[in-house]
Amino acid sequence: MAVIGRPRGFDRDAALEAAMLLFWRKGFATTSMNELCDAMGVRSPSLYAAFGSKEALYLEAIEHYVQTIGPPVWDKLLEATTARASVEDVLLAGTESLPKSRATPAGCMAMLAAVGDEWPAAIARVVKKVRLEVLGTLRSRLENAVAKGELPASTDIDGLSRFYLSVFQGMAIQARDGATQAELRAVATAAMAAWPGDG
């Protein structure tokens, strides 16, 4: 027998997914609580009971993004047999995931979040940590390539890591501005032409 006054149950995972997509599309500051409630199919008290606050919800949403959207792109760093192929695979995966689709907004939530001063400090810290972890994984992959002789010992690992992460971040911004998959592929091709020893 139902308890009178009991809040209607909801699928927390589905609600979090909806919040992630809305935050991804609109950002933190311009997403209202009413919009979040509508997208998640919950009322304000249920949202606060389940997630605590808008900021806490965003932090869960970015973690959900990192766990679900990130791996199909960034796991490619560890899958290919060479560092060059793995970096190229990441950029090519970006050409597929970054443009707007029926399922997802354009750009990369992790790369485009917390740029500027209007973000809460806790969110800025978490997002910066995510980006630095990606940079660290990229750097490790390139260090391994130097150790194996795939890249020259004189390679500027930090510079090269930052260069390719910057290319991906730039692709994310261009995708947000409407760049197509083909246009992003041209960016990836140009970036890979800068690989040490090519040419």
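These remarks concern the structure in this document. (Residues numbered from 1 in each chain as written. Predicted model: local features only at pLDDT ≥ 70, side-chain atom pairs only at ≥ 80, totals over all residues. Heavy atoms only, no water.)

**Some words on the overall build of the protein**
Next, step 1: Counting its regular elements, the protein contains 10 helices and 0 strands.
Next, step 2: Projected onto its principal axes, the C-alpha coordinates of the protein cover approximately 70 × 35 × 30 Å.
Next, step 3: Taken over 199 residues, the protein has a buried fraction of 41%.
Next, step 4: Charge-centre separation for the protein: the mean point of 21 positive side chains lies 5 Å from the mean point of 23 negative side chains. (Helix = DSSP H or I, 4+ residues; strand = E, 2+ residues; numbered from the N terminus. Buried < 20%, exposed > 50% of the residue type's maximum accessible area, 1.4 Å probe, protein only. Lys, Arg positive; Asp, Glu negative; His and termini not counted. Charge placed at Lys NZ, Arg CZ, Asp CG, Glu CD.)

**Considerations on helix 1 (residues 12-26)**
Next, step 1: Here helix 1 contains 15 residues, and its C-alpha end-to-end distance of 21 Å stays within 8% of the 21 Å for a straight helix at 1.5 Å per residue.
Next, step 2: Taken residue by residue, helix 1 has Ala15, Leu16, Ala18, Ala19, Met20, Leu22, Phe23 and Trp24 as its buried positions.
Next, step 3: Buried residues along helix 1 sit against helix 2 (33-40), helix 3 (44-51), helix 4 (54-68), helix 7 (109-112) and helix 9 (157-176).
Next, step 4: The backbone nitrogen of aspartate 13 has a side-chain oxygen 3.1 Å away, supplied by the residue at the start of helix 1, namely aspartate 11.
Next, step 5: Once helix 1 ends, the next one or two residues include glycine 27, with phi positive near 90 degrees. (Expected span 1.5 Å × (residues − 1). Contact = heavy atoms within 4.5 Å. Polar contact = N/O pair within 3.5 Å; in protein donor to acceptor, adjacent residues only side chain to side chain.)

**Comments concerning the environment of leucine 91**
Next, step 1: Relative to the assigned elements, leucine 91 resides in helix 6 (residues 83-97).
Next, step 2: Between the alpha carbons of leucine 91 and valine 187 there is a distance of 8.8 Å; along the sequence they are 96 residues apart.
Next, step 3: Discounting chain neighbours no more than four positions away, the residues touching leucine 91 are Tyr164, Val167, Phe168, Met171, Ala188, Ala191 and Met192.

**Observations concerning the pattern of salt bridges**
Close approach of charged atoms allows side chains of opposite charge to pair.
Next, step 1: Enumeration according to the criterion identifies 6 salt bridges in this entry.
Next, step 2: Across the pair arginine 12 and glutamate 60 runs a salt bridge, and its minimum N-O distance is 2.8 Å. On the criterion of sequence distance, the pair formed by arginine 12 in helix 1 and glutamate 60 in helix 4 is long-range, its members being 48 residues apart.
Next, step 3: For arginine 139, the salt bridge is made with aspartate 158, and the minimal N-O distance between the two is 2.5 Å. One end of the pair, arginine 139, is in helix 8 (residues 121-147); the other, aspartate 158, is in helix 9, and 19 residues separate them in sequence.
Next, step 4: It is possible to trace a salt-bridge network through shared partners that takes in Arg139, Asp158 and Arg162. (Salt bridge = Lys/Arg side-chain N within 4 Å of Asp/Glu carboxyl O.)

**Brief notes about helix 8**
Next, step 1: When the terminal C-alpha atoms of helix 8 are compared, their 38 Å separation across 27 residues agrees well with the 39 Å that a helix rising 1.5 Å per residue should span.
Next, step 2: Here the buried face of helix 8 lies against helix 4, helix 5 (71-74), helix 6, helix 7 and helix 9.
Next, step 3: Directly beyond the C-terminal end of helix 8, a positive phi value near 85 degrees is found at glycine 149.

**Digging into empty space enclosed by the protein**
Next, step 1: All told, the structure shown has 1 cavity of 30 Å³ or more when counted by the stated rule.
Next, step 2: What the largest cavity holds in volume is close to 40 Å³.
Next, step 3: Looking at the lining of the largest cavity, its residues break down into 9 nonpolar, no polar and no charged. (1 Å grid on protein atoms, 1.4 Å probe; cavity = no way out; pocket = protein on both sides within 12 Å on 5 of 7 lines; lining within 4 Å. Points joined across faces, edges and corners; volume = space filled by probe spheres on them. Nonpolar A, V, L, I, M, F, W, Y, C, P; charged D, E, K, R; others polar.)

**Brief notes about the layout of surface pockets**
Next, step 1: The calculated volume of the largest pocket comes to roughly 490 Å³.
Next, step 2: As for the largest pocket, its lining consists of 27 residues, and the residues nearest its centre are Val66, Ile69, Gly70, Pro71 and Trp74.
Next, step 3: Put simply, the parts of the chain that give the lining of the largest pocket at least two residues each are helix 4, helix 5, helix 6, helix 7 and helix 8.
Next, step 4: Residue classes in the lining of the largest pocket are distributed as 17 nonpolar, 6 polar and 4 charged.

Interpretation in functional terms is not warranted from these geometric data alone.
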